[in-house]
Amino acid sequence: MAGMSVDGLVSGLDTTNLINQLISAEGASQKALKTRLTATQQAASAYRTVNTTFLAISTAAEKLTPTALASARTASSSSSAVTAAATASAVPGTSVSFYVNSLASTQVSLSKNTWTSATADARIPGMTWPIEVYNDKNVSVGTIDIPAGATLSDAAKAINDAGKGMTASVVKLADNSFTLQLSSTKSGEAGKFTVRTASEDADTMGSSFLNTADPRNAVLHLGGGVTASSATNTFADLVPGVSVTVAKADSEAQVNISVASNNDAVAANLQKLVDAVNAAIGTVKDYTNNSKGSTAALRGDYSITSLGGQLLDAVSSAVGSFGSPAQAGFQLTKDGRIAFDKNVFTTALKDKPEMAQALVLGTVASTKPDGTPVAAVKGVAARLLDVAKSASDATTGTLVSMAKGQDSAAKDIQDRIASWDLRLEKRRETLTRQFTAMETALSSMKNQSTWLGSQLSALG
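Small disclaimer: the values here were computed from a predicted structure and weren't measured.

About the thresholds
- Residues numbered from 1 in each chain as written.
- Predicted model: local features only at pLDDT ≥ 70, side-chain atom pairs only at ≥ 80, totals over all residues.
- Heavy atoms only, no water.
- Pairing = 2+ DSSP bridges.
- Helix = DSSP H or I, 4+ residues; strand = E, 2+ residues; numbered from the N terminus.
- Axes fitted to C-alpha atoms, helices over the stretch in contact; angles between N-to-C directions.
- Phe/Tyr/Trp six-rings, centres within 6.5 Å; stacked < 30°, edge-to-face > 60°.
- Buried < 20%, exposed > 50% of the residue type's maximum accessible area, 1.4 Å probe, protein only.
- Expected span 1.5 Å × (residues − 1).
- Parallel < 35°, antiparallel > 145°, perpendicular 65-115°, else oblique.
- Left-handed = near helix turned anticlockwise from the far one by under 90°.
- Contact = heavy atoms within 4.5 Å.
- Polar contact = N/O pair within 3.5 Å; in protein donor to acceptor, adjacent residues only side chain to side chain.
- Salt bridge = Lys/Arg side-chain N within 4 Å of Asp/Glu carboxyl O.
- Core = buried A, V, L, I, M, F, W, Y, C linked by side-chain atoms within 4.5 Å.

Undergrad: Explain the pairing of strand 4 (residues 108–111) to me, please; I cannot follow it from the model alone.
TA: Walk down a regular strand and you will see the side chains alternate between the two sheet faces. For strand 4 and strand 8 (residues 177–184), the ladder comprises three bridges, and the chain directions are antiparallel. In the sheet register, leucine 110 faces strand 8, and the bridge partner there is glutamine 181. The sheet contact formed by strand 4 and strand 10 (residues 209–213) spans four bridges and is antiparallel. Paired with leucine 110 across the bridge in strand 10 is leucine 210.

Structure representation (structure tokens):
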């Protein structure tokens, strides 16, 4: 019935338009709800966007642990052919010198037999199957066999599939001349292998292949006949916490490796933290902009603007008896953001490491020699982490809770809008029936009038 047109059947009225106007007037509340829904959804999205920036603060702050500040290390090499890497266990000031006598290599062997093609029968005199593989200890690690009629390519595949510590390739030497090349799967002396064909005994095994490259360890000469050996070109923990990788052998060129504190890496992580804080402050300002004409989703929301204030307080407030964080390079700018001076920080970390670490991380609770307790003090990074977690914690975070609150409100508004859809549809049906009844009544009255008129005319 809602789609029935009763326009001016008798009355001449635009009843469809009248019904639409009445429905529109009665639906004003629903329109207001739709406007509220849009605003509520935008607010929920805004809370989540702000929350993302506070999560970034948490991530950056968590990288600034006491261990990270105290154990950042860097290792340098005097040779471009030698690289060094240091871990937290490396001791600043440690150094080591050496000569690179040799690089690590893998064993490569060629079959003394040749085949006319890669598809030639792999079983020929001098290359009898199955073959048995021995490791560097001269201990058998298994046999490899091929079926009758297998080609040279089939033999190479069988060796590769066997996983006996070596790989095989078919090598073309000339037209109608192919051979089988075997290579160790690992470098160093431990990668040595020997192949014994079915026709060889303990004395002649290995005679069917010629070694073109012997397996060797990488060797460093540290002086006085002392050497260090590695199956690869990397020497892990050559000195505690320092690994060295060599790329060129030169027994005449001395290489020096030294370890130092990597304050630049620590400063870089602090800069990332400051960048994350500034991004969060900027996002808060954008979403809470309360200036004239602002359409910000969280305009004037004090709970959000206060979070920005807490970030600034965390950076500007004194850290216990150590004083202002400015001593570690932190400053507030005129536009309400944070600046970090790397040079100030690295100088403080070098000259006054205890103060620099305390300003960034704070100190733990302790007891003086006389038994007096000393309370813990939180530094800049720890305070920023507290603010970020209180806002973005998945369970208790204020931003998370506010976003969920807006989600709940949006769901309630959507339900109310849906109820209005049903109410207005019923109202339209009612109005349509009423106007239809009116037109029907008018039509009946018109018919009666016409009949009476005809009767009066007949009497006259």
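Next comes the rest of the description.
Undergrad: Whenever I open this one, the sheet that holds strand 6 (residues 140–144) confuses me. Can you help?
TA: The strands making up a sheet are joined through hydrogen bonds of the backbone, oriented either antiparallel or parallel. Ordered by their spatial adjacency, three strands build an open sheet running 6-5-9, and the pairing between neighbours is antiparallel. On the outer flanks of this sheet lie strand 6 and strand 9 (194–196), each paired with one strand and no other. Going from strand to strand, the sheet's axes swing by 25° on average, the running direction of each strand aside. Note: strand 5 (residues 131–134) against strand 9, three bridges, orientation antiparallel. Each bridged residue has a counterpart across the sheet, and for glutamate 132 the counterpart in strand 9 is arginine 196.

Undergrad: When you look at the sheet that holds strand 2 (residues 82–86) in this model, what are you seeing that I'm missing?
TA: Taken together, the three strands give an open sheet; going across it, the order is 2-14-13, and neighbouring strands pair in antiparallel fashion. In the strand order of this sheet, the two ends are held by strand 2 and strand 13 (234–239), each with one partner. The mean angle between the axes of side-by-side strands here comes to 25°, regardless of whether they run parallel or antiparallel. Pairing of strand 2 with strand 14 (residues 242–246), which is carried by five bridges, proceeds in the antiparallel orientation. Directly across from valine 82, in strand 14, lies its bridge partner valine 246.

Undergrad: Quick question: what am I supposed to make of the packing of aromatic side chains here?
TA: What characterises a pair of aromatic rings is the spacing of the ring centres plus the angle enclosed by the ring planes. Taken as a whole and assessed by the stated rule, the structure comprises two aromatic pairs. For the ring pair phenylalanine 330 and phenylalanine 340, a centre distance of 5.4 Å and an interplane angle of 45° mean the geometry is tilted. On the criterion of sequence distance, the pair formed by phenylalanine 330 in strand 16 (residues 330–332) and phenylalanine 340 in strand 17 (residues 338–340) is long-range, its members being ten residues apart. Here phenylalanine 340 falls in the buried class, since its relative accessible area comes to 13%. Between phenylalanine 340 and phenylalanine 345 the ring centres are 5.9 Å apart and the planes differ by 50°, which places this aromatic pair in the tilted class. Residue phenylalanine 345 is classed as buried on the basis of its relative accessible area of 0%. Taken together, Phe330, Phe340 and Phe345 form an aromatic cluster joined through their ring pairs.

Undergrad: Any chance you could explain helix 9 (residues 380–392) here in plain terms?
TA: Residues that lie three or four places apart on an α-helix share one face, since the helix turns once every 3.6 residues. Between the first and last C-alpha of helix 9 there are 18 Å, a value that for 13 residues agrees with the 18 Å anticipated at 1.5 Å per step. Regarding helix 9, the residues found buried are Val380, Ala381, Arg383, Leu384, Leu385, Val387, Ala388, Ala391 and Ser392.

Undergrad: How do you make sense of unusual backbone geometry when you look at a structure like this?
TA: One can expect most non-glycine residues to show negative phi and most peptide bonds to be in trans. Between tryptophan 129 and the following residue, proline 130, the backbone shows a cis peptide bond with an omega angle of 5°. The residue proline 130 is located in the loop between strand 4 and strand 5 in this model. A positive phi angle is found at asparagine 138, which is not glycine, with a value near 65°. Among the structural elements, asparagine 138 can be located in the loop between strand 5 and strand 6. Backbone geometry at aspartate 237 places phi at a positive 50°, although glycine is not the residue there. When you line up the elements, aspartate 237 lands in strand 13.

Undergrad: Would you take a moment to explain the packing of helix 2 (residues 28–62) against helix 5 (residues 263–287) for this structure?
TA: For any two helices packed against each other, the geometry comes down to the angle between their axes and how far apart the axes lie. Here helix 2 crosses helix 5 at 165°, and the two axes come no closer than 8 Å. One way to sum up the angle between helix 2 and helix 5 is to call them roughly antiparallel. The handedness of the crossing between helix 2 and helix 5 is left-handed. For the pair helix 2 and helix 5, contact is made by Ala46, Thr49, Val50, Thr53, Phe54, Ala56, Ile57, Ala60 and Ala61 and by Lys272, Leu273, Ala276, Val277, Ala279, Ala280, Thr283, Val284 and Tyr287, respectively.

Undergrad: What's the story with the side chain of glutamine 107 in this structure? I'm lost.
TA: Mapped onto the elements of the fold, glutamine 107 is located in the loop between strand 3 (95–102) and strand 4. Residue glutamine 107 is classed as buried on the basis of its relative accessible area, which comes to 1%. There is a polar contact of 3.4 Å between the side chain of glutamine 107 and the side chain of asparagine 211. Glutamine 107 has contacts with Leu182, Ser183, Ser184, Gly191, Lys192, Phe193, Asn211, Ala213, Asp214 and Pro215, leaving out every residue within four places of it along the chain.

Undergrad: Quick question: what am I supposed to make of the pattern of salt bridges here?
TA: Side-chain pairs of opposite charge can arise where the charged atoms are in close proximity. Under the counting rule described, the total for this entry stands at ten salt bridges. Note that glutamate 62 and lysine 389 form a salt bridge whose closest N and O atoms lie 3.8 Å from each other. Taken as a pair, glutamate 62 in helix 2 and lysine 389 in helix 9 lie far apart in primary sequence, 327 residues in all. In this structure, lysine 137 engages aspartate 136 in a salt bridge whose closest nitrogen and oxygen atoms are separated by 3.2 Å. Judged by relative accessible area, which is 60%, lysine 137 ranks as exposed.

Undergrad: Just checking my understanding: could you explain the nonpolar core for this structure?
TA: In a soluble, globular protein the nonpolar side chains are often hidden away together inside. One finds Phe54, Ile57, Leu273, Leu311, Phe330, Phe345 and Leu384 to be the most contacted residues of the largest nonpolar core, which totals 48 residues. A per-element tally of this core places helix 5 first, with ten residues. Phenylalanine 54 has contacts with Ala280, Val284, Leu307, Leu311, Val387, Ala388, Ala391, Ser392 and Leu399, leaving out every residue within four places of it along the chain. Core analysis: the second largest hydrophobic core is formed by 23 residues, Val133, Met166, Leu180 and Leu182 among them.

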